[in-house]
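Survey of secondary and tertiary structure
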Amino acid sequence: MNTFKIIFLLLLLSVLGSSGLLLLDLLRGDGNGIVAGINLAPVAKYLTYAFLAYSFWYAFKQKIGWLQNVVMSGLMIFLTVLLLEWICGIILKKQGELAPKIEGPTHSMNWDNVLGYKPKPDTIHTGTRTKDGKVIYSITYSTDANSLRVTPIDTTKPRIKYAQFFGCSMTFGEGVQSNETLPYYFAKFDSTYRSYNLAYSGYGPHQMLARLETNQLKDIVKEKSGVGIYIYINDHVNRVLGTMTNFSYNGGNAPYFHKVDEELKHDGLFKDSRKIRSLIFEELLKSNILKLFKIGYPFKIKDEDYELTAEVMAQSAKLYKEQFGNDNFYVIIYPTSVNSSLIINLLKQKGVKVLDYSKLFNPLDDKYAIPFDEHPTALANEILIKQLVKDIN
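Okay, so let's go over this structure. (Residues numbered from 1 in each chain as written. Predicted model: local features only at pLDDT ≥ 70, side-chain atom pairs only at ≥ 80, totals over all residues. Heavy atoms only, no water.)

1. Here's the deal with the nonpolar core
Judged by nonpolar contacts, the single largest core of 47 residues is most densely connected at Tyr230, Tyr232, Met313, Phe329, Val331, Ile343 and Leu347. Tallying contributions element by element places helix 13 (residues 303-324) first for this core, with 10 residues. Counting residues in each nonpolar core, the second largest holds 27 residues, with Tyr184, Ile229, Tyr334 and Tyr368 among its members. (Core = buried A, V, L, I, M, F, W, Y, C linked by side-chain atoms within 4.5 Å. Buried < 20%, exposed > 50% of the residue type's maximum accessible area, 1.4 Å probe, protein only. Helix = DSSP H or I, 4+ residues; strand = E, 2+ residues; numbered from the N terminus.)

Below, the structure written as structure tokens:
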């Protein structure tokens, strides 16, 4: 065996060895890339560069036909992708210059081992959204010691029942003041209830179930009877799945539920239980090609994905009943232009109470959606809650 071949094999083994140790650290360790005090990530990176450069030189030096073909094919693919990334980057930059500059709002949050993240407790925060520097909205809200958005209520009236509101930013009240949210209007139109805003931006059914699994809501909710309400939008399926698009928002900091032999299983957070996929998502999200053509993964949401989402909500309804002693749990289908019949049928098959408000109003109408923002206006929240109070009473 000549010297050139020995160097080639040593470089190959070095790349495989360092990459293997990184993979082992990712799957079995803490995933920080440091093994035995050595930061292997840059080591593996430069060893790979050295191996590729040497392979190119070695293939043509020794006139090895198959290796020349492999190296040239790989080089051409690399250069083609590099060129496409550059072109797409220019197009994206141009689009960004022509489009309105939308910024904000900011959020005040802490990481959480159960929910992934949650609002900072005992905080007053102002979130502002602007278009080309002009304010679209500026809201100020407070959180309590349990990291829940404070819902102002009339304390002169006895509040003997609870209303637990689960959901995402639509329920939390992104873009509206604290006296314009869904929980606020509910307590306003039925003064026997105290509202608990258990929602937050980017949340989905999986945060609701993860919270209920802790069995800690009984320590927060003091009233003996009431209702549980989940506000559903179609994007919540993506959140339960942990799609690449959703990963771009939360970095995998969300509860991971999946089916194992038809049983629902909770495996911590996405970022911890799907480390390889998370790492791949992180790299793919840097691609200008994928950004320009809005390519995500999975490529299509399937019926079984809706089934999983429905199962998460059904399990939540079950735990709610066990912990609070009643079956007054409702899933509200938020007004949408998308057909929601599949998720509605799945929920009903699982015994979950559903109130279909998908046609209550047009969510794209300026009266019901904040301009340059998909979130509902105060009017939209008021109309929905008036219908809800009427239906459950």
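2. Section: the sheet that holds strand 7 (residues 134-142)
Ordered by their spatial adjacency, three strands build an open sheet running 3-6-7, and the pairing between neighbours is antiparallel. Two strands close off the open sheet at either side, each with one partner strand: strand 3 (102-103) and strand 7. (Pairing = 2+ DSSP bridges.)

3. A closer look at unusual backbone geometry
A cis amide bond links Gly104 to the next residue, Pro105, at an omega of 0°. In this structure, Pro298 follows Tyr297 across a cis peptide bond, with omega equal to 0°. Relative to the helices and strands, Pro298 is located in the loop between helix 12 (288-292) and helix 13. One non-glycine residue, Asp122, adopts positive backbone phi at about 50°. Tracing the backbone through its elements, the reader meets Asp122 in the loop between strand 5 (116-119) and strand 6 (124-131). Even without being a glycine, Ser147 presents a positive backbone phi close to 65°. Mapped onto the secondary structure, Ser147 falls in the loop between strand 7 and strand 8 (161-166).

4. Thoughts on helix 15 (residues 378-392)
A rise of 1.5 Å per residue sets the reference length of helix 15, with its 15 residues, at 21 Å; its end C-alpha atoms lie 21 Å apart and thus fit the reference within 8%. Looking at the buried residues of helix 15, the elements they touch are strand 8, helix 4 (169-172), helix 5 (182-189), strand 10 (225-232), strand 13 (329-333) and strand 14 (353-356). (Expected span 1.5 Å × (residues − 1). Contact = heavy atoms within 4.5 Å.)

5. Some points on empty space enclosed by the protein
This structure, assessed with the given rule, holds one cavity of 30 Å³ or more. Roughly 70 Å³ of volume is contained in the largest cavity. Taken together, the elements giving at least two residues each to the lining of the largest cavity come down to helix 9 (244-250) and helix 11 (275-284). A per-class count over the lining of the largest cavity returns three nonpolar, six polar and two charged. (1 Å grid on protein atoms, 1.4 Å probe; cavity = no way out; pocket = protein on both sides within 12 Å on 5 of 7 lines; lining within 4 Å. Points joined across faces, edges and corners; volume = space filled by probe spheres on them. Nonpolar A, V, L, I, M, F, W, Y, C, P; charged D, E, K, R; others polar.)

6. Notes on the pairing of strand 8
Burial of strand 8 is extensive: five of the six residues sit out of reach of the surface. Pairing between strand 8 and strand 10: six bridges, direction parallel. In the strand pairing of strand 10, Phe166 is matched with Tyr230.

7. Some remarks on the side chain of Ser287
Counting through the fold element by element, Ser287 comes out in the loop between helix 11 and helix 12. Assessed through its relative accessible area of 12%, Ser287 is described here as buried. Within the local environment of Ser287, its side chain forms a polar contact with the backbone nitrogen of Ile289, the two atoms lying 3.2 Å apart. (Polar contact = N/O pair within 3.5 Å; in protein donor to acceptor, adjacent residues only side chain to side chain.)

8. Notes on the packing of helix 13 against helix 14 (residues 341-349)
The geometry of helix 13 relative to helix 14 is characterised by a closest axis approach of 9 Å and an angle of 45° between their N-to-C directions. Taken together, the axes of helix 13 and helix 14 are oblique relative to one another. Here the hand of the crossing between helix 13 and helix 14 comes out right-handed. On the side of helix 13, the interface is formed by Asp303, Tyr306, Glu307, Thr309, Ala310 and Met313, while helix 14 contributes Leu342, Ile343, Leu346 and Leu347. When the residues that make up the contact of helix 13 with helix 14 are grouped by side-chain class, the tally is seven nonpolar, one polar and two charged. (Axes fitted to C-alpha atoms, helices over the stretch in contact; angles between N-to-C directions. Parallel < 35°, antiparallel > 145°, perpendicular 65-115°, else oblique. Left-handed = near helix turned anticlockwise from the far one by under 90°.)

9. Description of a nonpolar patch on the surface
On the surface, a cluster of nonpolar side chains totalling about 710 Å² of accessible area is made up of Phe56, Phe60, Met72, Leu75, Met76, Phe78, Leu79 and Leu82. Those elements that place two or more of their residues in the nonpolar patch are helix 2 (40-61) and helix 3 (65-98). A total of six residues in the nonpolar patch trace back to one element, the largest contributor, which is helix 3. Mapping Met76 onto the fold places it in helix 3. (Patch = residues over 30% accessible without salt bridge, like charges linked within 9 Å, V, L, I, M, F, W, Y side chains within 5 Å. Areas by Shrake-Rupley, 256 points an atom, 1.4 Å probe, with all protein chains shown as cover. Salt bridge = Lys/Arg side-chain N within 4 Å of Asp/Glu carboxyl O.)

10. Structural notes on the sheet that holds strand 10
Overall, parallel pairing links the five strands, which are arranged 9-8-10-13-14 in an open sheet. The open sheet has two free edges, formed respectively by strand 9 (193-197) and strand 14, since each of these has just one partner strand. Strand-to-strand, the axes of this sheet are offset by a mean angle of 25°, without reference to chain direction. Both strand 10 and strand 13 contribute to a ladder of five bridges, which runs parallel. Following the sheet pairing, Ile231 is matched in strand 13 by Ile332.

11. Details of the layout of surface pockets
Its volume calculated, the largest pocket comes out at about 800 Å³. Contributing to the lining of the largest pocket are 37 residues, with Ile233, Asp235, Arg239, Glu374 and His375 lying nearest its centre. Among the secondary structure elements, those contributing two or more residues to the lining of the largest pocket are helix 4, helix 8 (236-241) and helix 9. The leading source of residues in the lining of the largest pocket is helix 9, at four residues. Looking at the lining of the largest pocket residue by residue, the classes come out as 17 nonpolar, 14 polar and six charged.

12. Concerning the pairing of strand 6
Where strand 3 meets strand 6, two bridges bridge the pair, whose relative direction is antiparallel. Among the inter-strand pairings, Ile102 is bridged to a residue of strand 6, identified as Lys131. Bridging between strand 6 and strand 7 involves eight bridges; their strand directions are antiparallel. Bridge assignment links Arg129 to a residue of strand 7, and that residue is Tyr137. Linking two consecutive strands that pair antiparallel, namely strand 6 and strand 7, is a turn of two residues; a positive phi of about 50° is found at Asp132 within it.

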